[in-house]
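Examination of the molecular architecture
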Amino acid sequence: MKPKHKRLTLIIISLISISSAIGLILNSFNDNLVFFYSPTELMQKNIEQGKTIRIGGLIAEGSLKKEDANITKFIITDLNNSIEVSYKGILPPMFREGQGMVAKGLLSDENVFIADNLLTKHDEKYMPPEVADALKKSGKWKETE
Amino acid sequence: MIPTIGYISLIIAFALTCLQIIPKFKAVRLATDLIFAGTAIALVCLITSYAVSDFSVLNVYNNSHTIKPFIYKITGTWGNHEGSLLLLVSIFSAYNFAFSKISKLGENPTDSIIRLQNIIGIGLYAFIIFTSNPFERIHPTPEDGLGLNPLLQDIGLAIHPPLLYVGYIGFSLGISFAAYILIKGEVDRKIFGTLRKWTLFSWAFLTLGVGMGSWWAYRELGWGGFWFWDPVENVSLMPWLAGTALLHSLFVTEKRGELTIWTILLAILTFCVSLIGIFLVRSGILTSVHAFAQDPTRGMFILAFFAIITNASLILFAIRANKLKSAGDFEPLSKESFFLFNNLIFTIACATVLLGTIYPIFLDILTDTKISVGAPYFNSTMPYITLPILILAALAPAIKWKKDTFANFKSDIIIPFIIAVITALACYFIPDKKSAIAIVSVSFSAYLIASMLQRGWQKMKKSGKISTSFYSMAGAHIGVAIAVIGITICSIYGIEKEEIIKLDDHISIAGYDIKMDSMSIGANKNYLTRIGVFSINKDSNEIAHLHPEVRYYPVRQMNTTESDIYYSILSNLYVAMGDSDSSGGFAVRVYYKPAVNLIWLGCLIMFMSGMVGILGRKK
């Protein structure tokens, strides 16, 4: 092979692999974006039921109810608006009332958020940035210390 | 007193680092020794403050507690933002110290590279001194500390940050070597050989660190998984992918003087993705388990530092790269082109992870829309991108440099091919669940292992001995294949069950029968606990008892789940407990994890192969 042909072959193979990788990436990228909403945004925007989203806020004081050992119901609030959440499964560590948290799941017909994944922090001093933002937007953010 | 000594030593180290970059300053080696000594003294002082619980130090007060077990007081030193940075600069100075002592490159190159390292050093030391002083004092001295986060009290967690740092920060030598070569404008293969050893060292530790972090998450988080595509996990994976590419291209450049310019670019980019990792984790931008701090000054500082280092080195590259000579005349079917495709795949894989990790941040900054990229994105792209690597890794060692023909290595692929086909058939017929990806992934891995063993056997037959560099290469490739088999089998054939059961109830999973024998409540020094006793039966023989716990820590008002795991060679059984209900039922989650041990075994083999490659002398 001439040097020119060698280089061309390599370039063509590279371009084919790069473009198929880009195709693969873009194809699965859009399907897997999960949007985040605060309880207020949930009220304002019309969000499709059955689409996976994440919501976040504080777990409202006194709202925690156990249906049985495995089903937990509680309210997530940004202190202006709130939404009821139902979660089946073992609660993550650090889960308690007043704590900031993010839940992944979908909206049901009765405006209950069915969570399949709860994210609390491993450190109780820490507030998830999304939650801090949601509280800032609702005007209830207090700078501590 | 001790914190003051630590703080002063740290400042001296910083001052000397600044001196190092002045061209007229001559005592480079002496200053390097002193910087290392100063930083090490600072680290020892902070560790001592933790050990004796000196709560006049703000950092100790925030992150330690008198009733914390002693070993976790020590490891707690780097379980927080300031302390972990001090550890980072200590490792950085140790690298420079070691490099200055054992470098065989000669006086001038060694000193120049150390000076370049110190440019990075100024940024690191300034960051810790001006934004994250670990020795800040408080008055009056509090009675007891605040820090007792139980999740951080685990040996797996305590070890993995130092390992990761040894990996990340070691790649800084890559960028300094690259800058040196670019400024000098000429290529010396010996320099690439030296850099390859250092990169191999960092890579081996990064591999071990990633493996150890995953092992901690598996045991401690109680979710039964070993990888969650959490942004913080991703930022440790990106340097690993880039570093793996770099190791391979350095090999080509060292042996053949080819791909020089690409290797230099890759050396720059590898350290840049390590810096992205440090930036994302330390700035608190990410919602993640590791984000310690949310201080915007720190975020801005690291961002500026990252921008300066990245831009400066890329500009230098753009101006000077065309001065370098690179040999490069090879056929599409040659060792070189296989290495090139290895690099292509690892670079694409790294970019894929990067996109999924930082896209949400850009979208948030630009449009104030908050999104996250879920695990399905990574799961549906990464296997297809990375699986071809296994075949390349199997073939590349057998193919000749420059030019080869298919007829030449045809005989080498027959036996591995037969083994791969047998494995594929076994994957199709043995398990109940049919999975195309499992068949491909496991048979490719089998192909790689078989190729390596066959090649070793051929070498043995031909020359009667095997070089350490072959052991290192073949070992690392086999380690990768073993880890891939573990990841595949565990993700595809693993089973999860969550049920509410009462005393003496059973859960059956994958041929095992799990029975809840008893439940009791106890108290320990710093927590209350509910311990379950579960007996595990297989074929009506009792094989083990497991004791998962739910702990409650009153100081922190938090619960933790302590899962318990039955380890056997082929699989793990993993039991975690949740809450109870009023009728005496307990939420119990059990996982059957086949082949999961192979993941960590694979990482360990990769680490040891890396060590063999460094220690092995060239004949």
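All values reported here derive from a predicted model rather than from experimental measurement.

**A closer look at the interface of chain A and chain B**
On the chain B side, the residues contacting the 37 residues of chain A number 44 residues. For the side of chain A that touches chain B, the element with the most residues is helix α1 (residues 3-31) of chain A, which contributes 12 residues. One ladder, built from three bridges, connects strand β1 (residues 33-37) of chain A with strand β1 (residues 371-373) of chain B; its direction is antiparallel. Each residue of the ladder has a partner; that of Val34(A), found in β1(B), is Ser372(B).

**A few points about helix α18 (residues 597-615) of chain B**
All names here are of chain B. Taking 1.5 Å per residue as the helical rise, α18 with its 19 residues ought to reach 27 Å, and the 27 Å between its terminal C-alpha atoms agrees with that figure. Taken together, the buried positions of α18 are Leu598, Ile599, Gly602, Cys603, Ile605, Met606, Phe607, Ser609, Gly610 and Gly613. Turning to α18, the residues buried within the fold contact α9 (189-220) and α17 (468-493).

**Section: the domain arrangement of chain A**
Interfaces are often sized by the amount of accessible area the parts lose when they come together. Entries for chain A in the domain assignment read domain 1 (1-32) and domain 2 (35-137). On a C-alpha basis, the centroid separation for the pair domain 1 of chain A and domain 2 of chain A is 42 Å.

**A look at the pairing of strand β5 (residues 82-88) of chain A**
Residue and element names in this part refer to chain A. In β5, alternate side chains face the same way, and those of Ile83, Val85 and Tyr87 are buried while those of Ser82, Glu84, Ser86 and Lys88 on the opposite face are not. Where strand β4 (residues 71-77) and β5 come together, seven bridges link them in antiparallel fashion. By the bridge assignment for β5, Ile76 is matched with Ile83. Where β4 folds back on β5, the antiparallel hairpin that results is connected by four residues, among which Leu79 adopts a positive phi of roughly 75°. One ladder, built from four bridges, connects β5 with strand β7 (residues 112-119); its direction is parallel. Among the inter-strand pairings, Tyr87 is bridged to a residue of β7, identified as Ala115.

**A closer look at the sheet that holds strand β10 (residues 571-580) of chain B**
Residue and element names in this part refer to chain B. Within the open sheet, the four strands sit side by side as β2-β11-β10-β9. Their pairing is antiparallel. Whereas interior strands pair on both sides, the edge strands pair on one side only; in this sheet they are β2 (495-501) and β9 (564-567). Sheet twist, expressed as the average angle between the axes of neighbouring strands with direction ignored, equals 15°.

**Some words on the confidence of the model for chain A**
Averaged over every residue, the pLDDT of chain A is 80; residues scoring 70 or more account for 88%. Confidence, expressed as mean pLDDT per element, reaches its minimum in chain A at helix α3 (residues 129-137) of chain A with 72 and its maximum at β5(A) with 90.

What counts as what
Residues numbered from 1 in each chain as written. Chains lettered and ligands numbered in written order. Predicted model: local features only at pLDDT ≥ 70, side-chain atom pairs only at ≥ 80, totals over all residues. Contact = placed C-beta atoms within 7 Å. Helix = DSSP H or I, 4+ residues; strand = E, 2+ residues; numbered from the N terminus. Pairing = 2+ DSSP bridges. Expected span 1.5 Å × (residues − 1). Buried ≥ 20, exposed ≤ 12 C-beta atoms within 10 Å, placed from the backbone. Domains from an automatic or database assignment. Axes fitted to C-alpha atoms, helices over the stretch in contact; angles between N-to-C directions. pLDDT = per-residue confidence, 0-100.

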